[in-house]
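Next come the chains, spelled out residue by residue.
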Amino acid sequence: MRLFDMHCDTLYECSIGGYSLSENELQLDLTRGLAYNSWAQVFAVWMPDTLRGNAAWIQCRSILELAQKETILNPKFRIIYNEADLDFAIQNNVCAAVLAVEGGSALAGNLETLGLLASMGVKIITLTWNGSNELGHGCESLCNDGLTEFGKKAIKAMEKLNIIPDVSHLNQAGFWDVMENTNNPIIASHSVSAAICDHPRNLTDDQFKAIMKRGGVVGLNLCESHLGEQSFECLQKHLEHYLSLGGEHTVAFGCDFDGTDLPPEWGGIEVMEKIYEYFQRKNYEESLLDRLFFGNCYDFFHSALTSTASMV
Ligand SMILES: [Zn+2]
């Protein structure tokens, strides 16, 4: 099977804990990921809500530099700057690493930071984490306001740099402000359905349909509190609901490896094969499964990636 996963926090864990990305005891490493026939992985730099201003930017930059170093150490890890990089990595059994920043606090309130992030290969910015930042308010911030004026400017600047807005973690008003302030596709990298489990992190049907209409993608995550119950059966309920809304070209995975606790028997990224086999046993067509586990993200990112020159 092929895997394109839209969210993990492994880079942060490696940076803070001093683990190797190649091989570690976290939920994801390159050795286990490369066991799949093709593997593309969004690596997010998680920005804690306790970090703001220049300290946020400095931490973000140092974790992105860790990713840059990995490309030098390990020919099996390739940062994806454009669609040609993506195809090269996929065809050569190399990890296709799409870089993301999970929390717009990394901008430190300065639009010029966006250009630096783009030059380091960042393709996705999750606008907030759970709290408030300079751009807007997270779904657990207790603030119902939409994006700030700076947040709206950031969305427009991201559009010019072809950085994709990620609305996972954002509050409702912020979500609709994003839709109003860009015409580009957006993603919810790791968000399951509020119709199945009423959790503020989950997407309402209207949000899912709005992302779908724009040609974006939505990643199912494996987080217990978002799913309602951490089981393959429950994951299937969220998938089925999204499919019932017409999402067969929209749904993907953004598992949140190293960002959420998993049952010990799931381990980490290797659980995706078990989930794939579970869906096979449930008689899902192979072509649909390949779309969910790989193809929907591949198609989306292939067209969303810019022609920014490869630095490799
Ligand atoms: Zn997250």
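Residues numbered from 1 in each chain as written. Predicted model: local features only at pLDDT ≥ 70, side-chain atom pairs only at ≥ 80, totals over all residues. Heavy atoms only, no water.

*Asks:* Got a sec to walk through the coordination of the zinc ion? Specific residues and values, please.
*Replies:* Here the zinc ion is held by E102 (OE), H169 (NE2) and H190 (NE2), and the distances to it run 2.0 to 2.2 Å. Sequence spacing of the donors to the zinc ion: E-x66-H-x20-H. Of this pair, H169 sits in the loop between strand 6 (164–166) and helix 7 (172–181) while H190 is found in the loop between helix 7 and helix 8 (205–213), placing the two residues 21 residues apart along the sequence. Just as H169 is buried, H190 falls in that class too. (Donors = N, O, S within 2.8 Å, 3.2 Å for Na, K, Ca; no water. Helix = DSSP H or I, 4+ residues; strand = E, 2+ residues; numbered from the N terminus. Buried < 20%, exposed > 50% of the residue type's maximum accessible area, 1.4 Å probe, protein only.)

*Asks:* Pulling in residues and values, what's your account of the pairing of strand 5 (residues 122–126)?
*Replies:* Summarising burial for strand 5: five of the five residues are buried, a large majority. In this sheet, strand 5 lies alongside strand 4 (residues 95–102) in parallel orientation, the contact comprising four bridges. What sits directly across from A100, in strand 5, is I124. Chirality of the crossover, the property in question, places the unit of strand 4, helix 5 (residues 112–119) and strand 5 among those that are right-handed. Looking at chain direction, strand 5 and strand 6 are connected through three bridges and run parallel. Bridged to T126 within strand 6 is D166. (Pairing = 2+ DSSP bridges. Right-handed = clockwise from strand over helix to strand, strands pointing away.)

*Asks:* Pulling in residues and values, what's your account of the state of the cysteines?
*Replies:* Joining two cysteines, a disulfide is a covalent bond between their sulfur atoms. According to the stated counting rule, one finds zero disulfides in the structure shown. Distance from the sulfur of C95, which forms no disulfide, to the nearest cysteine sulfur (C8) is 8.5 Å. This cysteine, C255, is not joined by any disulfide, and C8 carries the nearest cysteine sulfur, 9.6 Å off. (Disulfide = S-S within 2.5 Å.)

*Asks:* Can you explain the packing of aromatic side chains? Please cite residues and give values.
*Replies:* Evaluated as defined, the whole model comprises 17 aromatic pairs. On the numbers, 4.9 Å between centres and 80° between planes, the contact of Y12 with W46 is edge-to-face. With Y12 in helix 1 (residues 10–17) and W46 in strand 2 (residues 38–46), this residue pair connects regions lying 34 residues apart in the sequence. On the basis of an interplanar angle of 15° and a centroid distance of 5.7 Å, the ring pair of F294 and Y298 is categorised as stacked. Taken as a pair, F294 and Y298 lie in helix 12 (residues 286–304) at a separation of four residues, close to a single helical turn. As far as burial versus exposure is concerned, F294 and Y298 are alike and both buried. Through pairs of rings, three or more aromatic residues link up here, namely F232, F253, W266, Y276, Y278, F279, Y284 and F293. (Phe/Tyr/Trp six-rings, centres within 6.5 Å; stacked < 30°, edge-to-face > 60°.)

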